[in-house]
Amino acid sequence: MATVTYEHVTKRWGDVVAVNDLTLEIQDKEFMVYVGPSGCGKSTSLRLLAGLEEVTEGIIKIGDRVVNDVPPKDRDIAMVFQSYALYPHMSVYDNMAFGLKLRKTPKAEIDKKVKEAAELLGISQLLDRKPKALSGGQRQRVAVGRAIVRNPQVFLFDEPLSNLDAKLRVETRANISRLHQQLGTTFIYVTHDQVEAMTMADRIAVLKDGVLQQVDTPQHLYDHPGNVFVAGFIGSPSMNFFDATVVEEADTGKFYIDGGSFRLAVPDSKVEPLRPYKGQQIIFGIRPEDIHAYEFTPPGVVPAELDAEVDVTELMGNEIFIYGLTGGRQFIARVDPRTRAHSGETMRFNVNMENMHAFDPSSENAIL
């Protein structure tokens, strides 16, 4: 078993709280991703697990064993760093074999493990090269190979793709996902890139200022964010937010989201949670992909019309990003590539209110 458990874990440096009362259980063979902005505590949480930082309060377990006082070398984990941390004077083979040699593993076993890992990663032809003769992607695979040969219970990845170019990042994250399936081991992966998190994770833990905000599957985080921070962080481009008021039309009893410059009808399925907020201000959220050009609204959308000025357009090939202005506030819409929009003109959009979000302005927690 290679479950990982944090029980009320806190890490302080003086007055600075890097990790604040983290409680989280990671299942055996799960691919867990820690995501959040710089300084949110995700790398510190990983380093606490690895034994590279000392826990101030709380307990960390790997399986059933408490590892707070266990040296890093005895925790049966392997870590892949952002910098790769390869020895420049050693060949790829020797870099991958180094940890096994320190453990006095028999030479034949070292050779077998290194060659098996190299074959798995597609770097068998590179074993005699030095790191300076490798590309960034090849160095990254060597660093992963060095971890694989140790056959650890848990793999830890600390932003391993941040030094790669965009195309190689896409290719390598697919390789890491494939590797997880082949090895059947617990993976814990740290990134600030929510696209990496969404595409790779079984579950995502979203952190902010050292506090765990929400942990769930990528799709559930996207569909049901627990607060404004998670809603804005998960999804690219991020969710649009508006200060708005919940109003009820006296003669019809119909509910609307009133943003001053727009009024959008609330679907019947969303009314009951909003009823206590009648006449009050909320934070209204809608994702860019739920704002459609009026003439290219897809079937199945529950539309509410919104007229706005076109500020900027960005042609992406398969879609267009339109930056619109309503009531002096900017929003982003992802629309059909056949849409014709020009800066300065007024354009009509259809907002899919079935996918609307609403948040309490005081707590910033989700209402719906």
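It should be noted that the structure appears before, not after, this text.
All values reported here derive from a predicted model rather than from experimental measurement.

Asker: Got a sec to walk through helix α2 (residues 92-102)? Specific residues and values, please.
Answerer: An α-helix turns once every 3.6 residues. As a result, residues three or four positions apart point the same way. Here α2 has its buried residues at Val92, Tyr93, Asn95, Met96, Ala97 and Leu100. Next to the buried residues of α2 lie α3 (107-121) and α4 (136-148). Phi for Lys104, located one or two positions after α2, is positive at around 60 degrees.

Asker: Break down the packing of α3 against α4 for me, citing the residues and quoting the values.
Answerer: At their nearest, the axes of α3 and α4 sit 9 Å apart, and the two run at 140 degrees to each other. Put simply, α3 runs oblique to α4. For α3 against α4, the interelement crossing comes out right-handed. Facing α3, whose interface residues are Ala117, Leu120 and Leu121, α4 presents Arg141, Val144, Gly145 and Ile148. Across the contact of α3 with α4, the residue classes break down as 5 nonpolar, 1 polar and 1 charged.

Asker: For the nonpolar core, give the residues involved together with the corresponding values.
Answerer: Ranked by internal contacts, the top residues of the largest apolar core, which has 46 residues, are Met96, Val114, Tyr189 and Val206. Core analysis: the second largest hydrophobic core is formed by 33 residues, Leu274, Ile291, Ile322 and Met347 among them.

Asker: How would you summarise the sheet that holds strand β2 (residues 16-26) if you had to cite specific residues and measurements?
Answerer: If you trace the 4 strands from one edge of the open sheet to the other, you get β2-β1-β4-β5, paired in antiparallel fashion. Strand pairing shows two members of the sheet lacking a second neighbour, β2 and β5 (65-66), which therefore form its edges. Set on the sheet, helix α1 (residues 42-50) makes contact with β1 (4-13), β2 and β4 (57-62); between it and β1 the angle comes to about 110 degrees.

Calculation criteria
Residues numbered from 1 in each chain as written. Predicted model: local features only at pLDDT ≥ 70, side-chain atom pairs only at ≥ 80, totals over all residues. Heavy atoms only, no water. Buried < 20%, exposed > 50% of the residue type's maximum accessible area, 1.4 Å probe, protein only. Helix = DSSP H or I, 4+ residues; strand = E, 2+ residues; numbered from the N terminus. Contact = heavy atoms within 4.5 Å. Axes fitted to C-alpha atoms, helices over the stretch in contact; angles between N-to-C directions. Parallel < 35°, antiparallel > 145°, perpendicular 65-115°, else oblique. Left-handed = near helix turned anticlockwise from the far one by under 90°. Nonpolar A, V, L, I, M, F, W, Y, C, P; charged D, E, K, R; others polar. Core = buried A, V, L, I, M, F, W, Y, C linked by side-chain atoms within 4.5 Å. Pairing = 2+ DSSP bridges.

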